[in-house]
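Below, each chain spelled out in residue letters.
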Amino acid sequence: MRIFDPHIHMTSRTTDDYERMYDAGVRALVEPAFWLGQPRTNVGSFTDYFDALIGWERFRAAQFGIAHHCTIALNPKEANDPRCAGVLDVLPRYLAKDGVVAVGEIGFDSMTAEEEKAFVRQLELAVEFELPAMVHTPHRDKEGGTRRTLELVEASGLAPHRVVVDHLNEMTVGQVAESGCWMGFSIYPDTKMDEHRMVRILEERGLDRVLVNSAADWGRSDPLKTASTGQAMLAAGFSEDDVDRVLWRNPLEFFGQSGRLLLDEPGEDPGTVPGGPPTFEGNSILRGGR
Amino acid sequence: MSSVVLLARPGELRAVLGAGRADALDALVAGVVADPGTLCRVFPTAARRTARGDLPGGGRIEDAVRVELVAAAASVLSPDALVQDLGLLYHHGDADERRAVLLGLSALDDTDVDGSSILLDALRTNDIRLVTAAMGRHARTLGLHDWRHGVLKCLFVGAPLDQVADLAERADDELGAMVRRYVVERQAAGRTVPDDARLVLRLTDPTSSRKG
């Protein structure tokens, strides 16, 4: 099983996780820029974080045989703090980088005017930089937030097939499916979605435009939820090719629209290299002690 | 400028790129020569507009492309202006761009260019690719103290010492003493001693032939 986790916050995870992910088949991932738990109070905190996403974290992942990509944005929660508004001005610098495969996470948290302003501006940036957009749907009033999200996406001129609306559930998947946007599902131990509910949605709606992610971060979460969803699909009668489509080819297709993926040979099965390849993208990979 | 040693000969790089992408590289280089202010805009996009991947003779295509862009800027900027622009490129760059700035400094080999502060930043990281690139020819701008610590850092993070410029010439007794202490510490912990550490000990052992 080869896995491309389209949404995971590796900054908050350990090297043990990278090892377990590699062993489970994860060969590529996208780390969306988001809230760190502790609110930031100035632009510099963001640029240091963005620099880590396009520098240190990319190197760290490569050491474990995993291609690291990211999305860059001012997240909705922190868009409410006027001290962070200047982040919008530094985004173009980052949106020009290789390996930055979308603008995100953008969207709504508490449905404020400030959130909507940052959301609209960043949809404009996605158009300008010819990048897809990753949209976070709120924890509270998810249905209302999703509805307003889709209205703003439509007004932006960004093609629906270049937008993933994430953290969906049974209540919100319908309107996103109708919009033509991609549907993102976060599989969590307690909240959001679980593997079996995910399988039921796949059975009902098919595999088109579906991204399954672990969204693992600093909270209770599990970076192997992508793999366990693959197992649940197989147990429910889906084929290995179906699993490959959902867990590898779909994220490759969506983020491939950016033209910024850092996979030298996308589509090649990297699972055939036992114990981690000696080189990856031409760079030495060191697993463990030096 | 005394000399420029590019990562790949211009003709060979263009042969690897193929006609269309070679033309794109020529256009990027011409644009930077005409207006070096464009360097910061084209540097992040250079790999996408040309190619990424391995060079047949070793190294990476995108590194060779970006080093040509640095050389193009160096051909029209004063040394001070060049260092200022390269500092911005480095500090605003992703890891690939930072590595290319470091490689570019060593490619220039211009004694009027002092990018040592950029090298020192790279040597504070634990990114092996940056540490390695920082210890190329431009590391001659580092004072002995910083250079020795650069060599020791290479041993710590596993950056290969055959990529360190002027190692045999600059290795001195103090570096030998630092590496001996490093070896003792490794042995006390029951860990293996890297071959590169033994190389430094040989180079700094007064009883052995330094160049042997």
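Cut-off values and rules
- Residues numbered from 1 in each chain as written.
- Chains lettered and ligands numbered in written order.
- Predicted model: local features only at pLDDT ≥ 70, side-chain atom pairs only at ≥ 80, totals over all residues.
- Helix = DSSP H or I, 4+ residues; strand = E, 2+ residues; numbered from the N terminus.
- Rg over C-alpha atoms; globule rule 2.2 N^0.38 Å.
- Buried ≥ 20, exposed ≤ 12 C-beta atoms within 10 Å, placed from the backbone.
- Contact = placed C-beta atoms within 7 Å.
- Nonpolar A, V, L, I, M, F, W, Y, C, P; charged D, E, K, R; others polar.
- Domains from an automatic or database assignment.
- Expected span 1.5 Å × (residues − 1).
- Axes fitted to C-alpha atoms, helices over the stretch in contact; angles between N-to-C directions.
- Parallel < 35°, antiparallel > 145°, perpendicular 65-115°, else oblique.

Visitor: Quick question: what am I supposed to make of the overall build of chain A here?
Guide: Within chain A, the secondary structure is distributed over 10 helices and 10 strands. On C-alpha atoms alone, chain A measures out to a radius of gyration of 18 Å, which is about the 19 Å that the 2.2 N^0.38 rule sets for 290 residues. Principal-axis analysis of the C-alpha atoms places the extent of chain A at approximately 50 × 45 × 30 Å. Within chain A, buried positions represent 46% of all 290 residues. Sequence separation of 24 or more characterises 73% of the internal contacts of chain A that already satisfy a separation of 6 or more.

Visitor: I would appreciate a short explanation of the interface of chain B and chain A in the present structure.
Guide: Interface extent is often summarised as the accessible area lost during association of the parts. Contacts between the two partners involve 17 residues from chain B and, on the opposite side, 17 residues from chain A. Mapped by element, the contributors of at least two residues to the side of chain B that touches chain A are helix H3 (39-49), helix H6 (95-108) and helix H8 (128-134) of chain B. Here the side of chain B that touches chain A gets four residues from one element, more than from any other, and that element is H3 of chain B. Among the residues making up the side of chain B that touches chain A, the classes are represented as five nonpolar, four polar and eight charged.

Visitor: Any chance you could explain the domain arrangement of chain B here in plain terms?
Guide: Residue and element names in this part refer to chain B. Each assigned domain of chain B is listed here: domain 1 (1-113) and domain 2 (114-212). With 14 residues of domain 1 in contact, the opposing surface of domain 2 contributes 13 residues. Within the residue set of the side of domain 1 that touches domain 2, elements represented by two or more residues are helix H5 (79-91) and H6. Per-element accounting of the side of domain 1 that touches domain 2 gives the leading share, eight residues, to H6. When grouped by side-chain class, the residues that make up the side of domain 1 that touches domain 2 number nine nonpolar, two polar and three charged.

Visitor: How do you make sense of unusual backbone geometry when you look at a structure like this?
Guide: Generally, phi is negative for residues other than glycine and the peptide bonds are trans, each holding for most cases. All names here are of chain A. The omega torsion of the bond from Gly104 to Glu105 falls at -10 degrees, within 30 degrees of zero and hence cis. By the element assignment, Glu105 lies in strand E4 (residues 100-107). In this model, Glu130 sits at a positive phi of 55 degrees, which is unusual for a non-glycine residue. You can see Glu130 is positioned in the loop between helix H5 (113-128) and strand E5 (133-136). For Ala215, which is not glycine, the phi dihedral falls at a positive 45 degrees. Within the secondary structure, Ala215 sits in the loop between strand E8 (210-213) and helix H9 (225-235). On the basis of neighbour count, Ala215 is assigned to the buried category, with 28 C-beta atoms found within 10 Å.

Visitor: Even after reading the chapter, I still don't get helix H4 (residues 61-74) of chain B, so can you show me in this structure?
Guide: Since the α-helix packs 3.6 residues into each turn, any two residues three or four apart lie on the same face. Under the 1.5 Å per step criterion, the end-to-end length of H4 of chain B is 20 Å for 14 residues, consistent within 8% with the ideal 20 Å. Summarising burial for H4 of chain B: 14 of the 14 residues are buried, a large majority.

Visitor: Explain the packing of helix H2 (residues 19-34) of chain B against H3 of chain B to me, please; I cannot follow it from the model alone.
Guide: Two quantities define a packed helix pair, namely the angle between the axes and the distance from one axis to the other. All names here are of chain B. Following both chains from N to C, one finds H2 and H3 inclined at 170 degrees, their axes separated by 11 Å at the closest point. Judged on the interaxial angle alone, H3 and H2 are roughly antiparallel. Residues Ala24, Leu28, Gly31 and Val32 of H2 touch H3, and the partners they reach there are Leu39, Val42, Ala46 and Arg49. Considered class by class, the residues forming the contact of H2 with H3 number six nonpolar, one polar and one charged.

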